[in-house]
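# Coordinates in review
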Amino acid sequence: MSLGDPNADLPTTEVSPAQCFDEARLRSYLQAHVPDFGSRLEVRQFQGGTSNPTFLLITDGADGPQRYVLRKKPPGKLLASAHQVDREHRVMKALSGLVPVPRMRLLCEDADVIGAAFFVMDFLDGRVFRDARLPGLAPAECAEIYDQLNLTLAKLHQVDFNAVGLADYGRPGNYFERQIARWTRQYRDAESERIPEMEALLEALPKLVPSDASVSIAHGDYRLENVMFDRHEPRLIAVLDWELSTIGHPLADLAYNSFLWRSTRSSWGTLQGTDFTTSGIPTEQAYVAAYCRRTGRAGVDNWNFYLAFSIFRLAAIGQGVYRRILAGIAASDRPAENGAPELARQALDILQRG
């Protein structure tokens, strides 16, 4: 059934066999829980991403097709503390009006409805830039896009998480010690081969944790591909993909975001080949300096630790993605290639520079 072409320009496909669920049951549930939800439902699956499967829901509204977005846990056996869609829903609902986020419509933790917990939010018609080099855009627009990315991260880190009801969203303090332990467990649970550089990181990182004890809401996966901009102007309208968010350390977010300047993989995001003197895109140093100005920091000591930690975390995540692809339950159809060895080598190289 097609409800017109409201998804014509979106990267969606038919729902993959591995992600299928009872659409009629979902329609009945949404009609009962979302005000004015239509009588019909078309489901399309968004492409890209490898964690929580995401779907476009199209129903009939009073003024034409109405769109929503559904995110759910993937099928199969899941790693501990992963794919917590309830946390995504909670943090976005709490941040409404403070940081650009979509409007949350409902959270369903009853796995009997479609086989897994899920939440539904409003669809936003904006631009997501998959290529961090922003080809085809004027330098002034590129500069504004990166400034908006920087500004929004600074705003997030200055939100009073106690005041918005997120005091128990994570444990303040000892963030890096806990995160290193967590991602070590996740890595071991998904381990498929011995990676000497990863073993060296697991040995070195806990001994090099900086003394900076800053605490803030941390997005956990903050990068250009996980935010949305207005269709017609360089204005950031939504921060997406909050699965890894917690009460954490702001410099972990900043370093992860800044990996764009070190990444060599276009699939994650890279700025390789960018002319920073003419493109409008800032250098890594200028980007970090702008964040520091906005948050009142004099600078960042131990920057290489924060970068190495962020890349280590990516390596652990990549190992989990690789295992899900091998098991046939990944949320995308990317080939089975383990990116963890390359990332571990890069993180170790940065860490050893001091």
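What you see as residue numbers is a count from 1 along each chain, following the sequence as written. pLDDT decides what is reported in this predicted model: residues at 70 or higher carry local features, side-chain atom pairs at 80 or more are listed and counted, and totals for whole chains, interfaces and linings draw on all residues regardless. Only hydrogens and water are set aside; all other atoms, that is, all heavy atoms of the structure, feed into the side-chain values.

This part is about the overall build of the protein. Think of it this way: any DSSP run of H or I at least four residues long counts as a helix, any run of E at least two long counts as a strand, and we number them from the N terminus. Within the protein, the secondary structure is distributed over nine helices and 10 strands. In terms of C-alpha radius of gyration, the protein reaches 20 Å, essentially the compact-globule figure of 20 Å for 354 residues. Structurally, the protein occupies a C-alpha span of about 60 × 45 × 40 Å along its principal axes. A sequence separation of at least 24 residues applies to 71% of the contacts in the protein between residues at least 6 apart. Reported accessibility uses the Shrake-Rupley method at a 1.4 Å probe radius. Residues are deemed covered only where the shown protein chains occlude them. Total accessible area on the protein stands at roughly 15,600 Å², and carbon and sulfur atoms take up 47% of it. Between the centroid of the 39 positive side chains of the protein and the centroid of its 44 negative side chains there is a distance of 3 Å. Put simply, the radius of gyration uses C-alpha atoms, and a globule should come to 2.2 Å times the residue count raised to 0.38. When checking whether two residues touch, look at their non-hydrogen atoms; a contact exists if any pair is within 4.5 Å. Counted as positive: Lys and Arg. Counted as negative: Asp and Glu, with His and the chain ends omitted from the count. Each charge is placed at NZ for Lys, CZ for Arg, CG for Asp and CD for Glu.

Take the sheet that holds strand S6 (residues 118-122) next. The pairing criterion is simple: DSSP has to find at least two bridges between the two strands. With antiparallel pairing, the six strands of this open sheet are ordered in space as S1-S2-S3-S4-S6-S5. Each end of this open sheet is capped by a strand with a single partner; those strands are strand S1 (12-13) and strand S5 (104-108). Pairing between strand S3 (residues 54-61) and strand S4 (residues 64-72): eight bridges, direction antiparallel. What sits directly across from Leu57, in S4, is Tyr68. The axes are straight lines fitted to the C-alpha atoms, using for helices just the contacting stretch, and the angles between their N-to-C directions are given from 0 to 180°. Where helix H2 (residues 85-95) meets the sheet, it contacts S4, S5 and S6, and its direction lies at approximately 150° from that of S5.

What follows covers the packing of aromatic side chains. The description of two aromatic rings rests on the distance between their centres and on the angle between their planes. Centres within 6.5 Å are what make two rings of Phe, Tyr or Trp a pair, Trp counting through its six-membered ring; a difference in plane orientation under 30 degrees is then read as stacked, over 60 as edge-to-face, and the rest as tilted. Going through the model one piece at a time under the given rule, you end up with 16 aromatic pairs. Taken together, a centroid distance of 5.9 Å and an interplanar angle of 75° make the contact between Tyr29 and Phe118 edge-to-face. Of this pair, Tyr29 sits in helix H1 (residues 23-33) while Phe118 is found in strand S6, placing the two residues 89 residues apart along the sequence. When accessible area is computed with a 1.4 Å probe and restricted to protein chains, residues below 20% of their type maximum are described as buried, those above 50% as exposed, and intermediate ones as partly exposed. The class for Phe118 is buried, based on a relative accessible area of 0%.

Every case where a carboxyl oxygen of Asp or Glu lies within 4 Å of a side-chain nitrogen of Lys or Arg is listed as a salt bridge. The full count for this structure, using the stated rule, is 21 salt bridges. The partner of Glu203 in a salt bridge is Lys207, with the nearest N and O atoms 2.7 Å apart. Connected through salt bridges with shared partners, the residues Arg130, Asp221, Arg223 and Glu225 form a single ionic network.

Looking now at the environment of Tyr68. With respect to the helices, strands and loops of the structure, Tyr68 is situated in strand S4. Once the C-alpha coordinates of Tyr68 and Phe55 are considered, the two residues, 13 residues apart in sequence, prove to be 8.4 Å apart. Ignoring sequence-local partners within four residues, the contact set of Tyr68 consists of Val34, Phe37, Phe55, Leu56, Leu57, Thr59, Arg105, Val120, Met121, Asp122 and Phe123.

This part is about H1. Structurally, the α-helix is built with 3.6 residues per turn, so residues lying three or four positions apart point the same way. Among all positions in H1, only Leu26, Tyr29 and Leu30 are buried. For H1, the buried positions fall inside an angular range of 95° around the axis, keeping them on one side. Buried positions along H1 lie against S3, S4, S5 and S6. N-capping of H1 is provided by Asp22, with a side-chain oxygen placed 3.2 Å from the backbone N of Ala24. Comment: arc refers to directions from the helix axis out to C-beta atoms. Each polar contact in these results corresponds to two N or O atoms within 3.5 Å; when the atoms are within protein, one needs to be able to donate a hydrogen and the other to accept it, and residues that are neighboring in sequence are counted only if both atoms are side-chain atoms.

Here Asn150 lies in helix H3 (residues 139-157). Residue classification places Asn150 among the buried positions, given a relative accessible area of 2%. The contacts of Asn150, once residues within four sequence positions are left out, are Tyr287, Ala290, Tyr291 and Arg294.

In this section: the nonpolar core. Note on terminology: a nonpolar core comprises buried Ala, Val, Leu, Ile, Met, Phe, Trp, Tyr and Cys residues joined through side-chain atoms within 4.5 Å. Ranked by size, the top nonpolar core spans 84 residues in total, and within it Tyr146, Met198, Leu201, Ile217, Leu224 and Leu254 carry the most contacts. At 11 residues, the largest contribution of residues to this core is made by helix H8 (residues 303-327).

It is worth spelling out the packing of helix H5 (residues 196-204) against helix H9 (residues 340-352) at this point. Closest axis-to-axis distance for the H5/H9 pair is 8 Å, and the angle between their directions is 45°. Here H5 lies oblique to H9, going by the angle between them. Like other packed secondary-structure pairs, H5 and H9 cross with a definite hand, here left-handed. Mapping the contact onto sequence places Glu197, Met198, Ala200, Leu201 and Ala204 in H5 and Ala344, Arg345, Ala347, Leu348 and Leu351 in H9. When its residues are assigned to classes, the contact of H5 with H9 shows eight nonpolar, no polar and two charged. In what follows, roughly perpendicular refers to angles from 65 to 115 degrees, roughly parallel to angles under 35, roughly antiparallel to angles over 145, and oblique to any angle outside these ranges. Working rule for handedness: look at the near helix, and if it is turned counterclockwise from the far one by less than a right angle, call the crossing left-handed; if clockwise, right-handed. As a working rule, the residues Ala, Val, Leu, Ile, Met, Phe, Trp, Tyr, Cys and Pro are called nonpolar, Asp, Glu, Lys and Arg charged, and the rest polar, with Gly in that last group.

Everything listed is a geometric property; what it means functionally is a separate question.
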